[in-house]
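For reference, the chains in residue letters:
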Amino acid sequence: MATWTITPEHPDSPVAAALWRAYYTEVSDRWYLRHEGRRTDPAELEREIAARPGSELAPPTGRLLIARYDGEPAGSAGVRLLDPATAELTRVFVHEGLRGRGGAALLVAAAEDAARTLGAGRLVLDTRTDLVEARTLYARLGYTETEPHNDDAYAEHWFRKELVN
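Residues numbered from 1 in each chain as written. Predicted model: local features only at pLDDT ≥ 70, side-chain atom pairs only at ≥ 80, totals over all residues. Heavy atoms only, no water.

Peer 1: I would appreciate a short explanation of helix H1 (residues 14-36) in the present structure.
Peer 2: Residue pairs spaced three or four apart in an α-helix point in one direction, given the helix's 3.6 residues per turn. When the terminal C-alpha atoms of H1 are compared, their 31 Å separation across 23 residues agrees well with the 33 Å that a helix rising 1.5 Å per residue should span. Residues Ala-16, Leu-19, Trp-20, Tyr-23, Tyr-24, Val-27, Ser-28, Asp-29, Trp-31 and Tyr-32 constitute the buried set of H1. Buried residues in H1 make contact with helix H2 (42-51), strand S2 (62-69), strand S3 (72-83) and strand S4 (86-94). (Helix = DSSP H or I, 4+ residues; strand = E, 2+ residues; numbered from the N terminus. Expected span 1.5 Å × (residues − 1). Buried < 20%, exposed > 50% of the residue type's maximum accessible area, 1.4 Å probe, protein only. Contact = heavy atoms within 4.5 Å.)

Following this line, the structure appears as structure tokens:
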């Protein structure tokens, strides 16, 4: 039977970079298809990936978690402290072919543990309207929709969860 494992990894590792590319390609393509009827321009994709390497997810104030399914890189989730009591959940991603097998919930649970380890008592996140699967997952895992906590141009929904020790 196939199993999930989740371990921390530095954001500049080759595995992290490949998962970031897969995540960003999917969410960017979905946005452009929804708003402009096209996929992401390859040059734009390269600029955005290079501009957002994920350094905020490195210790001591962040963590990047990598999920492996039967040993193969399958997904990621990151947390970073926004202030001493609040962490942000970001880059939650599972390869499309592995969705529905419990990996996303395991990643979010591991991210919640990482946020607690960083000292956070709450976790916040933002997402978009078209990322229906993400919004459904967060609601199922106890996140409640709140007022905006940032002014990200792509954010349309904001969620929060109080973490218990």
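Peer 1: I would appreciate a short explanation of the environment of Ala-110 in the present structure.
Peer 2: Along the chain, Ala-110 turns up in helix H3 (residues 103-117). Sequence-wise, Ala-110 and Leu-82 are 28 residues apart; in three dimensions their C-alpha atoms are separated by 18 Å. Ignoring sequence-local partners within four residues, the contact set of Ala-110 consists of Ile-6 and Leu-65.

Peer 1: Help me understand the packing of H3 against helix H4 (residues 132-140) in this model?
Peer 2: Packed helices, taken two at a time, are described by the angle their axes make and the gap between the axes. Put simply, H3 and H4 touch, their axes get as near as 11 Å, and they point 60° apart. The pairing of H3 with H4 is recorded here as oblique in orientation. The two elements H3 and H4 meet at a crossing, and its hand is right-handed. Between H3, through Ala-104, Ala-105 and Val-108, and H4, the contact on the second element is made entirely by Leu-137, Tyr-138 and Arg-140. For the contact of H3 with H4, the per-class residue count stands at five nonpolar, no polar and one charged. (Axes fitted to C-alpha atoms, helices over the stretch in contact; angles between N-to-C directions. Parallel < 35°, antiparallel > 145°, perpendicular 65-115°, else oblique. Left-handed = near helix turned anticlockwise from the far one by under 90°. Nonpolar A, V, L, I, M, F, W, Y, C, P; charged D, E, K, R; others polar.)

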